[in-house]
Amino acid sequence: MSILYIMRHGEAAPGTPDSERSLTEHGEQEARAMGAWLSEVLTDDVRHALRIVASPYRRAQQTARLVAAPLGLSVDTLPIITPDEPLEPVIDWLQQQVPQTPCLLVSHMPLVGALVGRLVEGDVRASQPMPTASVAALEAEVWAAGCATLRQWQSPRDLSS
């Protein structure tokens, strides 16, 4: 059984080009809160093995670095997880990479919601609502449509209540 954490970036400011949008102060707070939460809930084994990959877009990179800091981890860039990329190459990548290594994927809507929906429900129309900086924790034997189980869903808003 392998584990995958799918995270949407923190709140970002408007602007163009889209790839250069930065986190707002609130978005930075969201990312820090989720980094602290992950630091508390991950077992030592998962934390030491965890690979963090992020979209090349600025707001996803910023989010990933803020989450990685309390975990003492670095961030890799995965170009195939920008907002409107097709899911099939991402699922192919997961099949090759995630069985060996737990992974935190930091990306954007609509990709993150559609990826969770496809992996859990198997339907191409399925999508999980993913507010900014929320994390879906999935487990699977194989990363394919309908083969994953949603084990936990956490948003920074729920941490402060």
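The sections below set out a description of the structure shown in this document. (Residues numbered from 1 in each chain as written. Predicted model: local features only at pLDDT ≥ 70, side-chain atom pairs only at ≥ 80, totals over all residues. Heavy atoms only, no water.)

### A closer look at the environment of Cys-147
So, point 1. Tracing the backbone through its elements, the reader meets Cys-147 in the loop between strand 5 (135-140) and strand 6 (148-154).
So, point 2. Sequence separation between Cys-147 and Glu-121 is 26 residues, and the spatial gap between their C-alpha atoms is 7.9 Å. (Helix = DSSP H or I, 4+ residues; strand = E, 2+ residues; numbered from the N terminus.)

### Observations regarding the pattern of salt bridges
So, point 1. Throughout the structure, instances matching the rule amount to seven salt bridges.
So, point 2. Linking Arg-51 and Asp-76 is a salt bridge whose minimum nitrogen-to-oxygen distance equals 3.0 Å. Here Asp-76 lies in strand 3 (residues 75-77) and Arg-51 lies in strand 2 (residues 51-54), a separation of 25 residues in the sequence.
So, point 3. Judged by its relative accessible area of 27%, Arg-51 falls in the partly exposed class.
So, point 4. Looking at Asp-76, the relative accessible area reads 31%, which means it is partly exposed.
So, point 5. Two residues, Glu-88 and Arg-118, come together in a salt bridge whose shortest N-O distance is 3.2 Å. Of this pair, Glu-88 sits in helix 4 (residues 87-97) while Arg-118 is found in helix 5 (residues 111-121), placing the two residues 30 residues apart along the sequence.
So, point 6. You can call Glu-88 partly exposed: its relative accessible area is 42%.
So, point 7. Linked through salt bridges whose partners overlap, the residues forming this network are Asp-18, Arg-21 and Arg-59. (Salt bridge = Lys/Arg side-chain N within 4 Å of Asp/Glu carboxyl O. Buried < 20%, exposed > 50% of the residue type's maximum accessible area, 1.4 Å probe, protein only.)

### What about the nonpolar core?
So, point 1. Counting residues in hydrophobic clusters, the biggest one holds 24 residues, and the most contacted among them are Leu-4, Ile-6, Leu-94, Leu-105, Leu-115, Leu-119 and Trp-143.
So, point 2. Put simply, the parts of the chain that give this core at least two residues each are strand 1 (2-8), helix 4, strand 4 (103-107), helix 5 and strand 5.
So, point 3. With near-sequence residues (within four places) excluded, Leu-4 lies in contact with Leu-94, Val-98, Cys-103, Leu-105, Leu-119, Ala-136, Ala-137, Leu-138 and Trp-143.
So, point 4. Within the second largest apolar cluster, 22 residues are counted, among which are Met-34, Ile-52, Leu-71 and Val-135. (Core = buried A, V, L, I, M, F, W, Y, C linked by side-chain atoms within 4.5 Å. Contact = heavy atoms within 4.5 Å.)

### Focus on the sheet that holds strand 1
So, point 1. With respect to topology, six strands assemble into an open sheet ordered 3-2-4-1-5-6, the strand pairing being mixed. The open sheet is flanked by strand 3 and strand 6, the only strands paired with a single partner. Direction aside, the axes of adjacent strands within the sheet are offset by 25° on average.
So, point 2. Bridge analysis of strand 2 against strand 4 gives four bridges, and the strand direction is parallel. Of the residues in strand 4, the one forming a bridge with Ala-54 is Val-106.
So, point 3. In the packing of helix 1 (residues 25-41) onto the sheet, contacts are made with strand 1, strand 4, strand 5 and strand 6, and the angle to strand 6 comes to roughly 120°.
So, point 4. Relative to strand 2, helix 3 (residues 58-71) is tilted by about 165°, and along the sheet it contacts strand 1, strand 2, strand 3 and strand 4. (Pairing = 2+ DSSP bridges. Axes fitted to C-alpha atoms, helices over the stretch in contact; angles between N-to-C directions.)

### Quick look at helix 4
So, point 1. Among the residues making up helix 4, those that are buried are Leu-87, Val-90, Ile-91, Trp-93 and Leu-94. Down the axis of helix 4, the buried side of the element spans an arc of 155°, and every buried residue falls inside it.
So, point 2. Its buried side turned inward, helix 4 meets strand 1, strand 2, strand 4 and helix 5. (Arc of directions from axis to C-beta.)

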